[in-house]
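# An overview of the molecular structure
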Amino acid sequence: MMLAICLDLEGVLIPEIWINVAERTGISALTRTTRDEPDYDRLMSYRLEILDQNDIKMGDITSTIESMDPMEGATEFLASLESRCPTLILSDTFSQFAKPMMKKLGNPTLLCHTLVIDETGRIEDWEIRYDDHKRKTVESLIEMNYQVIAAGDSYNDTSMLSAASAGILFRPPENVIEEFPQFPVAMDYSGLIDAIESAATDLGELWN
């Protein structure tokens, strides 16, 4: 069998986009993320309502994202993984949000959702690529005879971690650690590489 790595994006490789938008706009209600709310549809409905109330358009969000950088060490960490085995980023973000950041990360492979934006720049809706797509992608890779090691930080990553051959939490909040004690926790990229190497060894896969 071959080894593949699946990573979440926000909180693992880049800062949380919505938290940065909240800080830039001064709207503290937008700091709520999947670390706080497990129901993604409820969270997105809540966000779009706040955007409409404050007349925030796609251009406002894009300018915030373009000012952001990957987390310190993320680009090097990702390049190291990609040099060793197939690496996919599985995210519940949107292609319009992620595009400015992908170039800064070296243009890795990203699977995510998309937004519906009207001619004024208002975000009307969102289109989910596939329900629970992170888990489904991992399951599909396993069906293709890959062993999958997955890493994420939030509630919406836990089904992916559970489906993987090995799952790792990266810098998760305490509530996620407490609710999912079965997953090892890494707090920096060095620790995450060590956890991936340990998991690969346990799975009988070469890691060098």
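Our structure's up above, just so we're on the same page.
So, here is what we can say about the structure in this document. (Residues numbered from 1 in each chain as written. Predicted model: local features only at pLDDT ≥ 70, side-chain atom pairs only at ≥ 80, totals over all residues. Heavy atoms only, no water.)

### Focus on the overall build of the protein
The secondary structure content of the protein amounts to 9 helices and 7 strands. Against the compact-globule benchmark of 17 Å for 208 residues, the protein has a radius of gyration of 17 Å, which places it among compact chains. Residues counted as buried form 51% of the 208 residues belonging to the protein. Put simply, 60% of the contacts in the protein that link residues at least 6 apart link residues at least 24 apart. With the model as given, the accessible surface of the protein reaches about 9700 Å², and the carbon-plus-sulfur share is 47%. Both charge centroids of the protein, one from 16 positive and one from 37 negative side chains, sit 4 Å from each other. (Helix = DSSP H or I, 4+ residues; strand = E, 2+ residues; numbered from the N terminus. Rg over C-alpha atoms; globule rule 2.2 N^0.38 Å. Buried < 20%, exposed > 50% of the residue type's maximum accessible area, 1.4 Å probe, protein only. Contact = heavy atoms within 4.5 Å. Areas by Shrake-Rupley, 256 points an atom, 1.4 Å probe, with all protein chains shown as cover. Lys, Arg positive; Asp, Glu negative; His and termini not counted. Charge placed at Lys NZ, Arg CZ, Asp CG, Glu CD.)

### Let's talk about the sheet that holds strand 2 (residues 87–94)
Spatial ordering of the open sheet is given by 4-3-2-1-5-6-7, a layout of 7 strands whose pairing is mixed. Looking at strand neighbours, the two that pair on one side only are strand 4 (123–127) and strand 7 (185–186), the edges of this open sheet. Sheet topology note: the strand 2/strand 3 (residues 109–117) ladder contains 4 bridges and is parallel. From the neighbouring strand, Leu88 faces strand 3, where its bridge partner is Thr109. (Pairing = 2+ DSSP bridges.)

### Points about the layout of surface pockets
In this model, the largest pocket occupies a volume close to 290 Å³. Along the wall of the largest pocket there are 16 residues; nearest its centre are Tyr40, Asp92, Asp131, Asp132 and Asn156. Of all the secondary structure elements, the ones that give two or more residues to the lining of the largest pocket are helix 2 (40–53), helix 6 (133–143) and helix 7 (158–163). Residues of the lining of the largest pocket, tallied by class, amount to 5 nonpolar, 5 polar and 6 charged. (1 Å grid on protein atoms, 1.4 Å probe; cavity = no way out; pocket = protein on both sides within 12 Å on 5 of 7 lines; lining within 4 Å. Points joined across faces, edges and corners; volume = space filled by probe spheres on them. Nonpolar A, V, L, I, M, F, W, Y, C, P; charged D, E, K, R; others polar.)

### Comments concerning a negative patch on the surface
Taken together, Glu119, Glu124, Asp125 and Glu127 make up a surface patch of like negative charges. Here Glu127 is to be found in strand 4. (Patch = residues over 30% accessible without salt bridge, like charges linked within 9 Å, V, L, I, M, F, W, Y side chains within 5 Å. Salt bridge = Lys/Arg side-chain N within 4 Å of Asp/Glu carboxyl O.)

### Considerations on the nonpolar core
With 53 residues, the main nonpolar core has Leu13, Ile61, Phe77, Phe97, Ile149 and Ile196 as its most contacted residues. Of all the elements, helix 9 (residues 189–202) adds the most residues to this core, at 7 residues. Each residue touching Ile196, except ones within four places of it in the same chain, is listed here: Ile5, Phe77, Leu81, Ile149, Ile168 and Trp207. (Core = buried A, V, L, I, M, F, W, Y, C linked by side-chain atoms within 4.5 Å.)

### Details of empty space enclosed by the protein
Following the criterion strictly, the structure yields 1 cavity of 30 Å³ or more and no others. Of the pockets and cavities examined, the largest cavity occupies roughly 150 Å³. Glu10, Glu16, Thr34, Asp92 and Asn156 are, among the 17 residues lining the largest cavity, the residues nearest its centre. Listed by contribution, the elements that provide at least two residues to the lining of the largest cavity are helix 2 and strand 2. Here the lining of the largest cavity takes 4 residues from strand 2, the largest share from any one element. When its residues are assigned to classes, the lining of the largest cavity shows 4 nonpolar, 5 polar and 8 charged.

### Notes on the packing of helix 3 (residues 58–66) against helix 5 (residues 95–104)
Relative orientation and spacing of two packed helices are given, respectively, by the angle between their axes and the distance between those axes. Here helix 3 crosses helix 5 at 20 degrees, and the two axes come no closer than 9 Å. Between helix 3 and helix 5, the crossing angle belongs to the class labelled roughly parallel. Pair helix 3 / helix 5 crosses with right-handed handedness. Facing helix 3, whose interface residues are Met58, Ile61, Ile65 and Glu66, helix 5 presents Gln96, Phe97, Pro100, Met101 and Lys104. Residues that form the contact of helix 3 with helix 5 fall into these classes: 6 nonpolar, 1 polar and 2 charged. (Axes fitted to C-alpha atoms, helices over the stretch in contact; angles between N-to-C directions. Parallel < 35°, antiparallel > 145°, perpendicular 65-115°, else oblique. Left-handed = near helix turned anticlockwise from the far one by under 90°.)

### A short note on the state of the cysteines
Within this structure, the stated rule accounts for 0 disulfides. In this model Cys6 remains outside any disulfide bridge; the closest cysteine sulfur is found in Cys85, 9.6 Å from its own. A residue is classified by how much of its surface remains accessible, and Cys6, at 0% relative accessible area, is buried. Sulfur of Cys112: no disulfide; nearest cysteine sulfur belongs to Cys6 and is 14 Å away. (Disulfide = S-S within 2.5 Å.)

In short, geometric facts, not functional conclusions.
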